[in-house]
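Each chain, written out:
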Amino acid sequence: GVFGCTRDLYKEFGVDRVRNTPISEAAIVGAGVGAACAGMRPIVELMYMDFTLVAADQILNQAAKTRYVFGWKARIPMVIRGQQGIGRGNAATHSQSLETFFMHVPGLKVVCPSTGADAAGLLRTAIRDDNPVMFFEHKALYPVKFEVPDDPDFMIPFGQADVKRSGTDVTIVASLLYVGRALEAAEKLAAMGIEAEIIDPRTLVPLDMETITESVKKTGRLVVVHEAHRTAGWGAEIAAQVTENAFRYLDAPALRLGANACPLPFNLELETAVVPSVENIIDTAKAVCYR
């Protein structure tokens, strides 16, 4: 692949296990569904997660529903992984963040790692899961080096958020590339006297609302930031659940940050203007803290 994530794997594992494919996402995912039904544990790699939309029927109607329609007698232990997001000026059909699309469909698990260790631990968990898993990576994180446990059995359970930074004044929930941006914003906010708690959900399905809610009960304020479009994004789901379950703890309305209602531009400066910045996170955190 163009990003080199699976380069030379066939040399180690052989062409029976590592298959090159035609450029047809419907065929690639469809073959993965069939392999999973036949008892294999396929990992389907798509070059861009934007192209999952080409295989929408195979993912949304076949992979997601097969266990249910067969009364749980069938298993679909399949991982669909690939990269998405901004950072390379790949334009409108190669830079989208589509994780929210797949949260809406029962039967799919949705994973969004923000570090190398999370990617390794969550991928092992995904491979061992008997359900189809959408595994979203971010292209801008590929060049970043992370510490990764040197343990072939290292795994991270689904539905277990990670508190990346403790704080007392505002809870900021972020995923993928925006975990790093939220942490950068938190350091600048600390210099202003605002201590932000940063939470990375790591998996959006299942979603660890308990950790998020307990944080909001402590801080009294919530900001959710993601690269996906703000309208009907997963930030809205978190804000809604916090409002339903912890409204009396909120000292300010929950606020959301996401990409503007605009296709992702090709020009890098315009691309940057469409998605939230570190400064946007800082301003929004200050707003909920009334500063």
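Structure shown above.
Scoring rules and cut-offs
Residues numbered from 1 in each chain as written. Predicted model: local features only at pLDDT ≥ 70, side-chain atom pairs only at ≥ 80, totals over all residues. Heavy atoms only, no water. Axes fitted to C-alpha atoms, helices over the stretch in contact; angles between N-to-C directions. Helix = DSSP H or I, 4+ residues; strand = E, 2+ residues; numbered from the N terminus. Parallel < 35°, antiparallel > 145°, perpendicular 65-115°, else oblique. Contact = heavy atoms within 4.5 Å. Nonpolar A, V, L, I, M, F, W, Y, C, P; charged D, E, K, R; others polar. Patch = residues over 30% accessible without salt bridge, like charges linked within 9 Å, V, L, I, M, F, W, Y side chains within 5 Å. Areas by Shrake-Rupley, 256 points an atom, 1.4 Å probe, with all protein chains shown as cover. Salt bridge = Lys/Arg side-chain N within 4 Å of Asp/Glu carboxyl O. Buried < 20%, exposed > 50% of the residue type's maximum accessible area, 1.4 Å probe, protein only. Polar contact = N/O pair within 3.5 Å; in protein donor to acceptor, adjacent residues only side chain to side chain. Pairing = 2+ DSSP bridges. 1 Å grid on protein atoms, 1.4 Å probe; cavity = no way out; pocket = protein on both sides within 12 Å on 5 of 7 lines; lining within 4 Å. Points joined across faces, edges and corners; volume = space filled by probe spheres on them.

1. Re the packing of helix α2 (residues 25-37) against helix α3 (residues 56-63)
Interaxial distance between α2 and α3 falls to 8 Å at its minimum, and their mutual angle equals 25°. Overall, the two elements α2 and α3 adopt an arrangement that is roughly parallel. Of the residues in α3, those in contact with Ala26, Val29, Gly30 and Val33 of α2 are Gln58, Ile59, Gln62 and Ala63. Of the residues that constitute the contact of α2 with α3, the class distribution is five nonpolar, three polar and no charged.

2. Let's talk about a nonpolar patch on the surface
A grouping of Tyr68, Val69, Phe70 and Trp72 is seen on the molecular surface, where their side chains present a nonpolar patch of about 550 Å² in accessible area. By secondary structure assignment, the location of Trp72 is in the loop between α4 (66-69) and β2 (79-84). On the basis of relative accessibility, which here comes to 53%, the residue Trp72 falls in the exposed class.

3. Here we look at the environment of Asp208
With respect to the element layout, Asp208 can be found in the loop between β8 (203-205) and α8 (209-219). Between the C-alpha atom of Asp208 and that of Phe158, which follows or precedes it by 50 residues, the distance is 8.7 Å. Not counting residues up to four positions away in its chain, the partners in contact with Asp208 are Gly159, Gln160 and Ala161. Here Ala161 takes part through its backbone nitrogen, which lies 3.0 Å from a polar atom of the side chain of Asp208. A polar atom in the side chain of Asp208 sits 3.4 Å from the backbone nitrogen of Glu210.

4. A few points about the sheet that holds strand β9 (residues 222-229)
Strand order in this open sheet of five strands is β5-β7-β6-β9-β10, and the pairing throughout is mixed. Each end of this open sheet is capped by a strand with a single partner; those strands are β5 (162-165) and β10 (255-259). Within this sheet the neighbouring strands show an average axis-to-axis angle of 25°, counted without direction. Pairing of β5 with strand β7 (residues 196-200) involves three bridges; the strand directions are antiparallel. Looking across to β7, one finds that Arg165 is bridged to Ile198. Set on the sheet, helix α9 (residues 234-246) makes contact with β6 (170-174), β9 and β10; between it and β9 the angle comes to about 155°.

5. Re empty space enclosed by the protein
Per the counting criterion, the structure on display carries two cavities of 30 Å³ or more. Surrounding the largest cavity, Gln84, Ser97, Glu99, His138, Ser175, Leu176, Leu177, Tyr178, His226 and Glu227 form its lining. The class makeup of the residues in the lining of the largest cavity is three nonpolar, five polar and two charged. Its volume calculated, the second largest cavity comes out at about 40 Å³.

6. Digging into the pairing of β2
The element β2 is extensively covered by neighbouring structure, given that six of its six residues are classed as buried. The alternating pattern of β2 places Val79, Arg81 and Gln83 and Ile80, Gly82 and Gln84 on opposite faces, both of which are buried. Bridge count between strand β1 (residues 43-48) and β2: five bridges; the pairing is parallel. From the neighbouring strand, Leu46 faces β2, where its bridge partner is Gly82.

7. Quick word on the pattern of salt bridges
Any two side chains of opposite charge can pair, on the condition that their charged atoms come close. All chains considered together, the criterion is met by 14 salt bridges. Linking Arg75 and Asp130 is a salt bridge whose minimum nitrogen-to-oxygen distance equals 3.3 Å. With a gap of 55 residues between them, Arg75 in the loop between α4 and β2 and Asp130 in the loop between α6 (116-128) and β4 (133-138) connect regions that are remote in the sequence. Accessibility expressed as a relative area gives 40% for Arg75, which makes it partly exposed. Measuring nitrogen to oxygen at the nearest pair gives 3.3 Å for the salt bridge that ties Arg165 to Glu187. On the criterion of sequence distance, the pair formed by Arg165 in strand β5 and Glu187 in helix α7 (residues 177-191) is long-range, its members being 22 residues apart. On the basis of relative accessible area, Arg165 is assigned to the buried category, the value being 15%. Shared partners join several salt bridges into a network, and the residues in it are Asp118, Asp162, Lys164 and Arg202.

8. Details of unusual backbone geometry
Look at the link from Val205 to Pro206: it is a cis peptide, with omega at 0°. With respect to the helices and strands, Pro206 occurs in the loop between β8 and α8. The backbone of Ala91 shows a phi angle near 75°, a positive value even though the residue is not glycine. Within the element layout of this structure, Ala91 appears in the loop between β2 and α5 (99-103). Here the phi dihedral of Ala232 falls at roughly 60°; this positive angle occurs in a residue that is not glycine.

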